[in-house]
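Here are the chains, one letter per residue:
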Amino acid sequence: MTRLRVALDGRPLQSPQLGGVGRYMVGVIPYLAEETDVYVLLDARQPGVPARVSRSAECVRLTAPPRMPGLAWLELAVAPWLRRFDGVFHATFNTLPVTSKGPSVLTLHDLATQLHPEDFRPLKRAAWRLNIRVSLSRADVITTVSRFVKDQIVDYFGLDPGRVRVAPDALDPVFDANRASDAPALSSRLGITPPYLVAIGGAPRRGLPVAIEAWRLTKQRLGRDVTLVVMGNSEAPSEPGIVAPGFLDDESWATLLAGAQALCYPTRYEGFGLPALEAAASGTPVACARVASLPEVLGDAGCWVAEPSPQAM
């Protein structure tokens, strides 16, 4: 029997520090490769991919003119390649090449461009909004990562609920509470003085300034020093007690989480919220508000606060 051939948009795998989408792809590709022939389409202008991916799939590097954005790469490089491909294309990161016509699966992780414009420059926001709407109309199957986002997609775009399937993000086994025993050695190496809290940087909606102010209030109320470890792509302030360790591999990130007193997570919106699940699996309390997908992801395991404000956190 001929095996199904599946091509994936591999750009989320090319970030030097993998985000949630890239990490979910690293986890799922080896399993997908057991039953299908997998082709990971990469932007030749960007770095390579984790070894776990290249061992399981054929990596295809496609080029586009310098300084062209990712949406243009989809149209100028991916769409022509797909016209010669006799398989299914999985658009892993919210958008299809709108000029391709083969069978396709679209994964829409959230509606951030529609609901949180503050996270995007105006031209990028407008391009993404248009491309997402067109992609939803063209995809044969639409998947998303939570029931919360499915309901938002159906309501916002007026889609038939039967067209949208939920495939939640899964947890890498590396996240385990037993890693806490290795945290002191890692903390010493990274210059982190215990006890410490962890906060996540990145998009404005994730509320890093809220987490920093909550940490300051916590120190005042406790009357003692507590370190704040800031992870993610953000500009952490240069302030005594704040440590931004930069890129960590998965094992170090899991160990850091397991040794933390809590994850301070004052996000206003998540399509899934993978850091919250990773912290919970590491035995680390997650302080967050009941917003977006977090009640679905954490259930009764969250340390719920009334609102994502410094005082509540």
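In what follows, the accompanying structure is described. A quick note: this is a predicted structure, and the numbers were derived from the prediction, not measured. (Residues numbered from 1 in each chain as written. Predicted model: local features only at pLDDT ≥ 70, side-chain atom pairs only at ≥ 80, totals over all residues. Heavy atoms only, no water.)

1. Let's talk about the overall build of the protein
What the protein contains, in helices and strands, is eleven helices and 13 strands. The C-alpha radius of gyration computed for the protein amounts to 20 Å, which stays within 12% of the reference 20 Å derived for 313 residues, consistent with globular compactness. Dimensions of the protein along its principal axes, counting C-alpha atoms only, are 65 × 40 × 40 Å. Of all 313 residues assigned to the protein, the portion counted as buried reaches 51%. Counting contacts in the protein only where the partners sit at least 6 residues apart, residues at least 24 apart contribute 60% of the total. Surface exposure of the protein reaches about 14900 Å², of which carbon and sulfur atoms provide 53%. One way to put it: in the protein the 32 positive side-chain charges average out to a point 6 Å from where the 31 negative ones average out. (Helix = DSSP H or I, 4+ residues; strand = E, 2+ residues; numbered from the N terminus. Rg over C-alpha atoms; globule rule 2.2 N^0.38 Å. Buried < 20%, exposed > 50% of the residue type's maximum accessible area, 1.4 Å probe, protein only. Contact = heavy atoms within 4.5 Å. Areas by Shrake-Rupley, 256 points an atom, 1.4 Å probe, with all protein chains shown as cover. Lys, Arg positive; Asp, Glu negative; His and termini not counted. Charge placed at Lys NZ, Arg CZ, Asp CG, Glu CD.)

2. Considering the sheet that holds strand β3 (residues 58-62)
Read from one edge to the other, the open sheet built from seven strands follows the order β3-β2-β1-β4-β5-β6-β7, with strand pairing classed as parallel. Unpaired on one side and paired on the other, β3 and β7 (164-166) mark the two borders of the sheet. Averaged over all adjacent pairs, the angle separating strand axes in this sheet is 25 degrees, with direction ignored. Note: strand β1 (residues 5-9) against strand β2 (residues 37-43), five bridges, orientation parallel. Pairing of Asp9 across the sheet is with Leu41, part of β2. (Pairing = 2+ DSSP bridges. Axes fitted to C-alpha atoms, helices over the stretch in contact; angles between N-to-C directions.)

3. Let's talk about the sheet that holds strand β11 (residues 262-264)
On the basis of which strands lie adjacent, the open sheet formed by six strands has the order β10-β9-β8-β11-β12-β13 and parallel pairing. Here the strands that pair on one side only, and so sit at the sheet edges, are β10 (242-243) and β13 (303-305). Note: strand β8 (residues 196-200) against strand β9 (residues 227-231), five bridges, orientation parallel. Residue Tyr196 lies in a different strand from β9, and its bridge partner there is Thr227. Docked against the sheet, helix α9 (residues 250-259) engages β8 and β9, running at close to 125 degrees with respect to β8.

4. Overview of the side chain of Thr255
Note that Thr255 resides in helix α9. Owing to a relative accessible area of 6%, Thr255 belongs among the buried residues under this scheme. Leaving out residues up to four positions away in the same chain, Thr255 has contacts with Arg179, Asp182, Ala183, Leu186 and Tyr196.

5. Looking at the nonpolar core
In this structure, Trp253 and Leu256 are the most contacted members of the largest nonpolar core, which totals 45 residues. Residues in contact with Leu256, not counting those within four places in the same chain, are Leu186, Leu190, Ile192, Tyr196, Val229, Met231 and Leu248. Grouped together as the second largest cluster of nonpolar side chains are 34 residues, Trp73, Phe89, Leu159 and Val164 included. (Core = buried A, V, L, I, M, F, W, Y, C linked by side-chain atoms within 4.5 Å.)

6. Regarding the packing of helix α7 (residues 183-190) against α9
Running from N to C, α7 and α9 point in directions that differ by 110 degrees, and their axes come no closer than 9 Å. By the criterion of interaxial angle, the relationship of α7 to α9 is roughly perpendicular. Only Ser252, Thr255, Leu256 and Gly259 of α9 make contact with α7, whose side of the interface consists of Ala183, Leu186, Arg189 and Leu190. A per-class count over the contact of α7 with α9 returns four nonpolar, three polar and one charged. (Parallel < 35°, antiparallel > 145°, perpendicular 65-115°, else oblique. Nonpolar A, V, L, I, M, F, W, Y, C, P; charged D, E, K, R; others polar.)

7. Quick look at unusual backbone geometry
In this model, Pro194 is joined to Pro195 through a cis peptide bond whose omega is -5 degrees. Take Pro195: it is sitting in the loop between α7 and β8. Phi angles above zero are rare outside glycine, and Asn94 is one such case at about 80 degrees. Of note, Asn94 is situated in the loop between β4 (88-91) and β5 (104-107). Overall, the relative accessible area of 7% leaves Asn94 in the buried class. If you check the backbone angles, Ala292 has positive phi at about 50 degrees while not being a glycine.

Note that all results are geometric; they support no functional claim without further evidence.
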